[in-house]
Amino acid sequence: MHEWSLADAVVRSLLGFMASEGLSSIKEVEVTWGEILELDTGIFEQAFYELSKGTPLEGAKLVLKEEKAYFKCNSCGAEWDFKTADEILSREFEILEEPAGVKESPLHFLPDLARTLLRCPKCGSRDFDLISGKDLRVSKVVA
Amino acid sequence: MMRAPDVLQDEALRRISRAERLLMVASGKGGVGKSLISMALASTLSEMGRKVGLLDLDVHGPSIPQVFRSERLIKATKHGLEPLKIDGLELMSLGYIVRDSPVPLGGEDKMSLLKMMVALTDWSPLDYLVVDLPPGTGDEMILAIRALRRHPKSGTVLVTLPSRLSLSVVKRALDLLRDEGVRVLGIIENMAYIRCGGDIVRPFGSLDYSSLGADLLGSLPLDPAVEEALASGKPPHKASKEVMEAISAIASRIEVMM
């Protein structure tokens, strides 16, 4: 459900960017999203195009590029991916998605909480890096 | 070459700036009672009829959930994360999400977490957003400065003990805020005096802030009733008549200034 709020953030940010750069239109926007965010790309695209309507961004093509998540432990050197992370994720904390009433891990909303919600699957340390796969960013704009 | 926009920072600053007035509560050092004063000011402004949100930007030691307690889960809707509504306030703190678990983060990761949290928080239209900053002049202060600079009705109060050791820290924070064009409303002294029978004892002495070019907005006593209030779940501004009057006077001054 956070697809709508994130798409809204992208649209507003791009409109500000267009104004500051003096752009009257944009042909294509590439948005890179981290796997941890678990975006439903269909909903995100729908939200993006809906929110762009009637703005200078209307007509811009949205290209979504997924960035895979990758973790590396600074204590023992172990490396793991999002599938492993999802399996070992602490279920102690949850966020309630409304109106569906589904409980989700805060990690999908706030990926930087990884060290709070996960430990290295090999040594149990919290001293690991989330090397990639957490961001939401505009990675390319074609005017 | 065009630089791509920082989506999350843009949205974080936009969401913070939707409040009619933005009040940051900062301190140079930890342990001076800044969070209690943030909560007391937010509650008092709310009781004055204002619609108030309170945002806890302390990643490592969020205090607000210890006073405004709730077992409810934070809700996510189409519009983002809903702040909790307790005692007439809207509240957002990482402490409501990860409770008392450690959040080992630094540098860019911390900034990224703060941006995402603020970018997703869906406040109602507010008269005041009070922001409880962690001590010092780190990442959280930088994000706050970026928000303050672009908000037409914003200001910062600095909380300190009236100790000589604190003066240089207060000066550093003041210098940073002023260099960055942020409006400083004044200083609040906490634990400034103890009422002992009919006498007032000032364990730290008295400081003159005029050399810093900052107004003293008010002084609060070191009052055991505050700790008792916390233990019993009572809002800190209602700890005693003296605390309540002091906070009310400070809130009224802030109202006039903002």
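Residues numbered from 1 in each chain as written. Chains lettered and ligands numbered in written order. Predicted model: local features only at pLDDT ≥ 70, side-chain atom pairs only at ≥ 80, totals over all residues.

K.L.:
Lay out the overall build of chain B in plain terms, naming residues and giving numbers.
P.N.:
The helix and strand inventory of chain B stands at nine helices and 11 strands. Taking 2.2 N^0.38 as the reference for a compact globule, 258 residues should give roughly 18 Å; the C-alpha atoms of chain B span a radius of gyration of 18 Å, in line with that estimate. Taken along its principal axes, the extent of the C-alpha atoms in chain B is 65 × 40 × 35 Å. Here chain B holds 258 residues, and 53% of them are scored as buried. Long-range pairs, those at least 24 residues apart, make up 77% of the contacts in chain B between residues at least 6 apart in sequence. (Helix = DSSP H or I, 4+ residues; strand = E, 2+ residues; numbered from the N terminus. Rg over C-alpha atoms; globule rule 2.2 N^0.38 Å. Buried ≥ 20, exposed ≤ 12 C-beta atoms within 10 Å, placed from the backbone. Contact = placed C-beta atoms within 7 Å.)

K.L.:
Before we move on, could you go through helix 9 (residues 241-257) of chain B and cite the residues and values that matter?
P.N.:
Residue and element names in this part refer to chain B. Its 17 residues place the ends of helix 9 24 Å apart at the C-alpha level, agreeing with the 24 Å of an ideal helix rising 1.5 Å per residue. Regarding helix 9, the residues found buried are Val 243, Ala 246, Ile 247, Ile 250, Ala 251 and Ile 254. The buried residues of helix 9 occupy an angular sector of 130 degrees when the element is viewed end-on, so they sit on one face. Among the exposed residues of helix 9, those pointing more than 90 degrees away from its buried face are Lys 241, Glu 245 and Val 256. (Expected span 1.5 Å × (residues − 1). Arc of directions from axis to C-beta.)

K.L.:
Give me the packing of helix 5 (residues 107-120) of chain B against helix 6 (residues 139-150) of chain B: which residues, what numbers.
P.N.:
Residues and elements named next belong to chain B. As a packed pair, helix 5 and helix 6 sit with axes 9 Å apart at the nearest point and diverge in direction by 45 degrees. As the angle between them shows, helix 5 and helix 6 are arranged oblique. Between helix 5 and helix 6 the crossing geometry is right-handed. Between helix 5 and helix 6, the contacting residues are Lys 110, Met 111, Leu 114 and Lys 115 on the first element and Asp 139, Glu 140 and Leu 143 on the second. (Axes fitted to C-alpha atoms, helices over the stretch in contact; angles between N-to-C directions. Parallel < 35°, antiparallel > 145°, perpendicular 65-115°, else oblique. Left-handed = near helix turned anticlockwise from the far one by under 90°.)

K.L.:
Provide a residue-level description of helix 2 (residues 34-47) of chain B, including the pertinent values.
P.N.:
With 14 residues, helix 2 of chain B ought to run about 20 Å at 1.5 Å a step, and its terminal C-alpha atoms sit 20 Å apart, in line with that. Most of helix 2 of chain B sits inside the fold, with 13 of its 14 residues counted as buried.

K.L.:
Any details on the sheet that holds strand 8 (residues 136-142) of chain A? Residues and values, ideally.
P.N.:
Residues and elements named next belong to chain A. Strand order in the open sheet made by the three strands is 2-1-8, with mixed pairing throughout. Each having just a single partner strand, strand 2 (61-67) and strand 8 make up the two edges of the open sheet. Recorded for the sheet is a direction-independent mean angle of 20 degrees between the axes of neighbouring strands. Alignment of strand 1 (residues 28-34) against strand 2, held across seven bridges, turns out to be parallel. (Pairing = 2+ DSSP bridges.)

K.L.:
How would you sum up the interface of chain A and chain B? Please name residues and give values.
P.N.:
Each partner contributes to the interface: chain A provides 31 residues, whereas chain B provides 32 residues. At the level of elements, helix 1 (2-21), strand 5 (95-97), helix 4 (114-117) and strand 8 of chain A are the ones that each hand at least two residues to the side of chain A that touches chain B. Ranked by residue count, the leading element in the side of chain A that touches chain B is helix 1 of chain A, at 11 residues. Of the residues assigned to the side of chain A that touches chain B, the class counts are 16 nonpolar, six polar and nine charged. Sheet topology note: the strand 5 of chain A/strand 3 (residues 75-77) of chain B ladder contains two bridges and is parallel. By the bridge assignment for strand 3 of chain B, Glu 97 of chain A is matched with Ala 76 of chain B. (Nonpolar A, V, L, I, M, F, W, Y, C, P; charged D, E, K, R; others polar.)

K.L.:
Before we move on, could you go through the packing of helix 1 of chain A against helix 1 (residues 7-17) of chain B and cite the residues and values that matter?
P.N.:
For the pair helix 1 of chain A and helix 1 of chain B, the least separation of the axes is 9 Å and the interaxial angle reads 95 degrees. Considered as vectors, helix 1 of chain A and helix 1 of chain B are oriented roughly perpendicular to each other. Taken together, the residues of helix 1 of chain B that come into contact with helix 1 of chain A (itself represented by Ala 9, Val 10, Arg 12, Ser 13 and Gly 16 of chain A) are Val 7, Leu 8, Asp 10, Glu 11 and Arg 14 of chain B. In the contact of helix 1 of chain A with helix 1 of chain B, the residues fall into four nonpolar, two polar and four charged.

K.L.:
Residues and numbers for the sheet that holds strand 3 of chain B, please.
P.N.:
On the basis of which strands lie adjacent, the open sheet formed by four strands has the order 6(A)-5(A)-3(B)-4(B) and mixed pairing. Strand pairing shows two members of the sheet lacking a second neighbour, strand 6 (102-104) of chain A together with strand 4 (80-82) of chain B, which therefore form its edges. Averaged over all neighbouring strand pairs, the angle between strand axes comes to 40 degrees, with direction disregarded. Two strands pair when backbone bridges link them, and strand 5 of chain A and strand 6 of chain A are joined in this way by three bridges, in the antiparallel orientation. If you follow Glu 97 of chain A over to strand 6 of chain A, its bridge partner there is Val 102 of chain A.

K.L.:
Give a detailed account of the pairing of strand 6 (residues 89-92) of chain B, specifying residues and quantitative values.
P.N.:
Residues and elements named next belong to chain B. Here strand 6 shows a buried face lined by Leu 89 and Leu 91 and a second buried face lined by Glu 90 and Met 92. In this structure, strand 5 (residues 84-86) lies alongside strand 6, joined through three bridges in antiparallel fashion. Looking at strand 6, one finds that Leu 84 is bridged to Leu 91. Counted between consecutive antiparallel strands, the loop separating strand 5 from strand 6 contains two residues, among which Asp 87 sits at a positive phi close to 50 degrees.

K.L.:
I'd love a proper account of unusual backbone geometry, names of residues and values included.
P.N.:
Residue and element names in this part refer to chain A. The peptide bond linking Glu 98 to Pro 99 adopts the cis configuration, its omega dihedral lying at 10 degrees. Considering the arrangement of structural elements, one finds Pro 99 in the loop between strand 5 and strand 6. Of note, Glu 38 is a non-glycine position whose phi angle comes to about 50 degrees, a positive value. Considering the arrangement of structural elements, one finds Glu 38 in the loop between strand 1 and helix 2 (41-52).

K.L.:
Give me the nonpolar core: which residues, what numbers.
P.N.:
Counting 126 residues, the largest nonpolar core has Val 25, Leu 41, Leu 129 and Val 130 of chain B as its most contacted members. Aside from chain neighbours lying at most four places away, what touches Leu 41 of chain B is Val 25, Val 130, Ile 247, Ile 250 and Ala 251 of chain B. (Core = buried A, V, L, I, M, F, W, Y, C linked by C-beta atoms within 7 Å.)

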